[in-house]
Each structure stands twice: as C-alpha cells, then as structure tokens.
Amino acid sequence: MDFDLSDEQAAIQKLAKDFCDAELAPNARELDRTEAYPEELVPKLFEVGFLAATIPEEYGGMGLDYLSYGLIVEETGRTDASIRSMISVNLGLVSSSLINYGTDEQKQQWLPQLASEGLGAFGLTEPDHGSNPNGMKTFAKRDGDDWVLNGSKMWITNGSRGLLTVIYAQTDDGITAFLVPQDSEGYEGNPLHGKLGLRAGDTAEVTLTDVRVPGENVLGEVGKGLRIALHSLDSGRFSLAAGCTGISQACLDAALEYALQREQFGKKIAGFQLVQELLSEIYLDLEASRALYWKVAWKHDKGERHTVESSVAKTFCSEAAVRNANRAVQVHGGYGYSDEYPVGRYLRDARVTTLYEGTSQIQRLLLGRHLTGINAFV
Ligand SMILES: Cc1cc2nc3c(=O)[nH]c(=O)nc-3n(C[C@H](O)[C@H](O)[C@H](O)COP(=O)(O)OP(=O)(O)OC[C@H]3O[C@@H](n4cnc5c(N)ncnc54)[C@H](O)[C@@H]3O)c2cc1C
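The present account deals with the structure reproduced in this document. (Residues numbered from 1 in each chain as written. Predicted model: local features only at pLDDT ≥ 70, side-chain atom pairs only at ≥ 80, totals over all residues. Heavy atoms only, no water.)

For the chain, the count of helices and strands is 10 helices and 10 strands. For 378 residues, the compact-globule estimate of 2.2 N^0.38 gives 21 Å, and the C-alpha radius of gyration of the chain, at 21 Å, lies within 12% of that figure. Projecting the C-alpha coordinates of the chain onto the three principal axes gives extents of approximately 80 × 50 × 45 Å. Taken over 378 residues, the chain has a buried fraction of 54%. Considering only residue pairs separated by 6 or more positions, the chain has 73% of its internal contacts joining residues 24 or more positions apart. If you sum the accessible surface of the chain, you get close to 16,600 Å²; carbon and sulfur atoms cover 51% of it. The centroid of the 35 positive side-chain charges in the chain is displaced by 7 Å from the centroid of its 53 negative side-chain charges. (Helix = DSSP H or I, 4+ residues; strand = E, 2+ residues; numbered from the N terminus. Rg over C-alpha atoms; globule rule 2.2 N^0.38 Å. Buried < 20%, exposed > 50% of the residue type's maximum accessible area, 1.4 Å probe, protein only. Contact = heavy atoms within 4.5 Å. Areas by Shrake-Rupley, 256 points an atom, 1.4 Å probe, with all protein chains shown as cover. Lys, Arg positive; Asp, Glu negative; His and termini not counted. Charge placed at Lys NZ, Arg CZ, Asp CG, Glu CD.)

Okay, here's the thing in structure tokens:
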C-alpha cells in the first residue's frame, strides 16, 4: 500500500482544500443555523467537478481514482458535512450503481446529468423498514411495458431537490431497483426539518403515488435490487469514512487552535497534560481513520471488492468522529457549547454517521458474520 500521493492526487487535494476553505467554510455556520439549502453552492460544486469525481470521463465526469475521490470527500467533510453527504450519495450510492449495473443507454442518459446538473438520491429506507429492508412495503406492479410504483421512503438525502432517485421496491420476483426521475407525476419529496445535524442538507420523506416508469428504468435485473443496494453501500461507506476523517481533522484543527490561545491559571491550556491528552487522542483516532479509508481506496483502485474493509472503515471512522467532536467540545469548555465555535456543529454532524448506511450495530453483525460464518441478524 502506497502512502505517497501522486502529483495528480496532491493537486486534487490542494484544489479541494482551497475550494472548501474559500467556498464552504465561510457559509457553513449560517447554513447550519438557518437550515438553508445551499442553493448557490451546488452549481459551484458541479462546476469544480466534485459532484462528478468518480463518473468516467466519457460520461462527462472527472474519472478520478478512489483515493482522489476520498481526498475531495475528506475536505468537504472537514468544512461542511451537509455538503459532503450530498456528494457521497450522488457518487457513492447512485452513480456507482449506474456505473456497475446500468445499461449503456441508462449510463448515456443519466451519468452526464448527474455529473453536471442534478443530484442523485438513494431510496432504500422506509418509515417502518430501516436496518432490515427485506420487508419493505413500497411495491411496483407491471402494467404493459411500464411499472407503477406506490409507497413511501424515509430520510432520503437529495430526495426533494434532486434529479433522480433510485427507488427500491418489492416486485413479484423480489426487491427491484428503479430509476425514478424526481419530476415524475406522483413523486413527492417533502423536506424534513429539525434534524440534529446535516441541517443544510436535503433530507426528504418521499411518497410515490402511482408513479409510472418505463420498463427500461429497471436498474439491473428484476428481483436483484438488494444486491445493487449492498454493492453500492461498499462505495457509500468508503465515502462516509473519508468524510468522517474530515470531521476528525476539523476537530483537531479547532481544538489545537483554541488550546494554543486560551489561557487559564496563567498559562495556555495547551500546556496542561490533560488537555494534551485530549488533543493526542483526537490525533490518534484521526490518523487511524485516514489509514483505514486509504486502505479501502487502495483496494478499489486495484479493482478488488472491499465490502469488509468499507464496513471496518465506516464503523471506525464514524465512531472516531463522534469521539473526536466530543473531545473538541471538551477542549473548548463552555465556549464549545455555543455556535460561536464550530465544534458543536461537528458533534451534531458526526452523530448521524453511526446511524446511516448501516448502524454501528449492523456493522458489527456484518463483521461478526464475516468472522464466524454465523448470521446473528435475527
Ligand atoms: C440524515 C439522514 C440521512 C439519511 N439518508 C438516507 C438515504 O439517502 N437513503 C436511505 O435509504 N436511507 C437514508 N437514511 C436512513 C438510514 O440509513 C436509517 O436511518 C438507518 O439504516 C437505520 O434505520 P432506522 O432509522 O429505521 O433504525 P432501526 O433499523 O429501526 O434501528 C433502531 C435501532 O435498533 C438497532 N437494530 C436494528 N436491528 C438490529 C439487530 N438485528 N441487532 C441489533 N440492533 C439492531 C439499530 O442499530 C438501532 O440502534 C438516512 C438517515 C438519516 C438520519
């Protein structure tokens, strides 16, 4: 495994860092406070290519390797996790599904749009079916050459302001993935407000009332949708791990800066051993997080499957981000409890990462099954 970035990767990292510091960082607090959708930033994210990072060049994307993609996601996670989430879903969950399972026509139709103008959403979770999608109630029935979808989806990132949602629905042959344009008649995305974190992100409840899509909008094989969802989560969890590493980096940056200027008992608090312990622990978790997501990128770029590695990285990096945000708040004392400093936002934004794309409990069951061969899910 190579721990040196190539010149191209280093250039991408610098581009991402500069862009995020100039465009995302100055707006993050206000967007979080007002729960406002980053209307003006989304076109800039398309323009700079971040929303097209892993889409092949022949479809208008940047065609980057996974480590470069991870570096972009880490930088966006460091500055605005709501925006990181949008990118992860557009690329990690939606575009990757099209790249791996789409027909040539589907790729031609959707990838250039996902690379340049509209966001993709991933519609798996339902109000009553989260960790276990098997019993989902959204169903699709054939009607001539078309399919007609009915049901509802919950917590769908990019679900009300996007272009396309991959809807997973029951069919007579099992769960099937459908490409559903968000402007379809009967598709309604209702933004959810009052979230603890990721407050600038579009998270929606989606209802589908007699939504009609043509047969060519089936993604992959009828009845084999769950396989697509699980495969795409390998990429989604990688992206999540990289974004959490960004949160951990932000925690270290903020805690160090504060500790080096705040004085108590006549000296900088950075000089107290117990504050140094907090800073060191943030650093330890940060370094381990980065190594874990880089390992996933390394496997991906060699063309190997990385289900287990993605699960390990997602679990560790998300839990590390929560621990680190908590430590960063602690270093800030009472000031950490207000949004005068960003560390409270880091904690709120980090908190969801142990819940979505498979909770920490579900990840442990996946890893337990990998280690023992025994399924302890039910
Ligand atoms: C901000 C946000 C964005 C999201 N974006 C998307 C999206 O874009 N697309 C999408 O499809 N979904 C999305 N989700 C949904 C997310 O993936 C689910 O919330 C998650 O999978 C957990 O499902 P649940 O909330 O129904 O919890 P449940 O499955 O009801 O779990 C509740 C608790 O029970 C535990 N539990 C469940 N089963 C077991 C078991 N077998 N053994 C041990 N413990 C268990 C869980 O770990 C958890 O602690 C998002 C969620 C949020 C909050």
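Moving on: the environment of asparagine 190. Locating asparagine 190 in the fold gives a position in strand β6 (residues 187-191). Accessibility expressed as a relative area gives 31% for asparagine 190, which makes it partly exposed. The spacing of asparagine 190 and threonine 207 is 17 residues in sequence and 8.2 Å in space, taken between C-alpha atoms. Discounting residues that sit within four places of it in the chain, asparagine 190 has contacts with Ser160, Thr203, Ala204 and Glu205.

With that settled, the discussion passes to the site of the ligand. Near the ligand, the surroundings consist of 17 residues, among which Phe122, Thr125, Ser131, Trp155 and Thr359 are the closest. The separation between a nitrogen atom of the ligand and a polar main-chain atom of tryptophan 155 is 2.7 Å. Among the secondary structure elements, those contributing two or more residues to the shell around the ligand are β3 (146-157) and α10 (360-372). Taken domain by domain, the makeup of the shell around the ligand includes at least three residues from each of domain 2 (121-222) and domain 3 (227-372). (Near = heavy atom within 4 Å. Polar contact = N/O pair within 3.5 Å; in protein donor to acceptor, adjacent residues only side chain to side chain. Domains from an automatic or database assignment.)

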